[in-house]
Amino acid sequence: MSESHFSPQHFVIRGADVIDGTGSARFSADVVVADDLISKITPPGQGKARDVVDATGLVLCPGFIDTHTHDDRLLLQTRQPHPKLTQGVCTVVTGNCGISLAPLVTTTPPAPLDLLGADAFVYKTFREYLAALDDSQPCINVVPLIGHITLRVRHVTDLHRTATAAEISAMASELIQALDAGAFGLSTGVYYPPAKAASTDELLGVCAALKGRGAMLAMHLRDEGDNIDAALKEALDVGAASEASLVISHHKVVGPQNHGRTRHTLQTIEQAALAQSVCLDCYPYEASSTMLNAEKASHTQEVLITWSQPHPEYSGKSLKSIAQVWGLSLLEAAQRLMPGGAIYFAMAAQDVERVLQHPLTMIGSDGLPHDRRPHPRLWGTFPRVLGHYSRDRKLLSLETAIHKMTGLPAKRFGLAGRGIIATGHHADLVLLDPAQVRDNASYEAPERPCTGIHAVYVNGQLAMWRGEQLASHAGRRLIPSRTP
Ligand SMILES: [Zn+2]
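Just so it is clear, the model here is predicted, and its values are computed rather than measured. (Residues numbered from 1 in each chain as written. Predicted model: local features only at pLDDT ≥ 70, side-chain atom pairs only at ≥ 80, totals over all residues. Heavy atoms only, no water.)

(A) Quick look at the environment of Lys84. If you trace the backbone, Lys84 turns up in the loop between strand S6 (64-66) and strand S7 (89-94). Using a relative accessible area of 0% as the deciding quantity, one classes Lys84 as buried. Measuring from C-alpha to C-alpha, the distance between Lys84 and Phe382 comes to 9.0 Å, with 298 residues separating the pair along the chain. In this structure Lys84 touches Asp66, Thr69, Asp71, Val89, Val92, Ile140, Ser365 and Leu378, once residues within four positions along its chain are discounted. (Helix = DSSP H or I, 4+ residues; strand = E, 2+ residues; numbered from the N terminus. Buried < 20%, exposed > 50% of the residue type's maximum accessible area, 1.4 Å probe, protein only. Contact = heavy atoms within 4.5 Å.)

What follows is the structure, encoded as C-alpha cells:
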C-alpha cells in the first residue's frame, strides 16, 4: 500500500515505566522510535532523538490487539473519535463469529450478517474487500478473517440443511482463495440461524482447507448454555482435525442453571491444549450482545434493545418496558421488534472473572460498531480490564492484563514484530496513566470514551493524544506469516 500518509518520525519516550507485553515486571527505560520502528531501548535518561516526549509517571506498553471484532466495515469508514483508538487498540481481528463482509454481494443480508449493516455487502471476493481496505488506509492495523456464515449464504442454496458435498467444496475453495489473498483464517458461528443446520461434518469439510497453512480458526460455539460441553467438544475436534490454531470466541456460559460451569469448560480446554493449539478470547462484562432472538430474549432475565429496524425509537429500552407499553408478552414484543439487536444479562460475575484470569485468555471486545445503542464493550473493554479488573478489583496484575492484550495475541495470531516492546519491533505504542485509566461507557451511556489513555502511536505515527485523534490513516493490513 501507499506510504504517503506516513511522515518521518524520530522521538524518544522518556521516563515511562515500560510494561513490555511479555508479562514480565515493568522497568524504567527510554524508548526511541525512528519512523515506524522501535529503534532503541536505553536506560532512563540516555535515549536521544530529535523530539522528546516526557512520560514521567506514565506506563508505556505495546498497542492493544482486539482479538475479537466486527469492525470489517468500520475500518472502511473514518470515524472520530474512533471507539478502538480511544482505548489504545492499534490492531483489530475482524470477521469473527462466522460474520465477514466478504465475499458476498447482497442488499438483504440475513441476521446476523446485518450487524454489519445492510448496504455494505458489495465485495464479490475476499481479495476485493482486502483491496478496499488497503485503499481506505484504516487508522489501525487489521488482521482479517473470513466467515463461514458469509460463505454459507453465498454457496448453500438452502440454509435450513447441512451443505452438500459440492457446496462444501465450493466453500473450501473460496476459503483457500481468501487465505491466498491474505485472510489469516476462518471464523465460524453455528449458533446463528444461517449456520445452525451445518453439521460437524460440514465444518470438518470446510476447515480441511486450513490444513497445513498455519491458519487461525475462531469458533463461536454452537451452544453457550445447557449444551456447552458438546459444543466445546465439537470445536476442539474441528480445530484438531484442521490443525489450525483454534480460538474459542468470547468464552462464557449463559443461563442461571449453568453458572459456575466455566470451572469445567476451562479444565477441558486446558486438557485439550496439551495436544493442540487452542486459546480463548473474552470481554469483561456480565451481559452479552448480538442479534435479537425472540425465543432467547423471552427466556432471559433482563434484555436491552440495541437497535430495531421497525421500531428504532425503542433503542436503549428494556424489552420488559416495551412489552408493558404494548400490552404484549415478552416473546410477542421481541418478535415485533425484529430484525434488531439486544443486550442479554445472563452471565455470572464469577464465570467472567474466572475466564478473564485464565492464562489462555486474550481480550476481545466483540463490540458492534453499527448498533444504534451498542453494548458498552465497544468503547470500554480495554480500559475496563486495566482499571476495574486489574487496578480496582486486583484480579490480575497490570503486567498480566497487558500481556493478554498484546504479547499473547501477537504470538497466537503470528503477528511478527508486534505485541512486545523490543528493538526492531513496530512502534505500536500506548502511554497510559495506571492510576486514572478507566472505562466510562455504561449501558446508559454506551459511547462515552474512556479516560487515562494519554497517547496512542500506530506504526510510529501519533494517532491519539489526550483524546484527540491525529493520524487517521496510520494502520496497515497485516500479512499472515504462514508458518504452520
Ligand atoms: Zn460471536
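Let us keep going from here.
(B) The sheet that holds strand S10 (residues 141-147), seen in detail. One open sheet holds the 8 strands; their spatial order is S6-S7-S10-S11-S12-S13-S14-S18, and the pairing between them is parallel. Strands with a single pairing partner mark the edges of an open sheet, and in this sheet they are S6 and strand S18 (361-363). Each adjacent strand pair in this sheet contributes to an overall mean axis angle of 25°, direction not counted. Of the pairings in the sheet, the one linking strand S14 (residues 278-282) to S18 comprises 3 bridges and is parallel in character. Directly across from Leu280, in S18, lies its bridge partner Thr361. Here helix H2 (residues 148-155) sits on the sheet and contacts S10 and strand S11 (185-189); the angle it forms with S10, its principal contact strand, is near 45°. (Pairing = 2+ DSSP bridges. Axes fitted to C-alpha atoms, helices over the stretch in contact; angles between N-to-C directions.)

(C) Inspection of unusual backbone geometry at higher detail. The linkage connecting Gln80 with the following residue, Pro81, adopts the cis geometry, with an omega of -10°. Here Pro81 is to be found in the loop between S6 and S7. Residue Ala102 is joined to Pro103 through a cis peptide bond whose omega torsion reads 0°. By the secondary structure assignment, Pro103 is in the loop between S7 and strand S8 (104-105). Of note, His250 is a non-glycine position whose phi angle comes to about 30°, a positive value. Considering the arrangement of structural elements, one finds His250 in the loop between strand S13 (245-248) and helix H7 (262-273).

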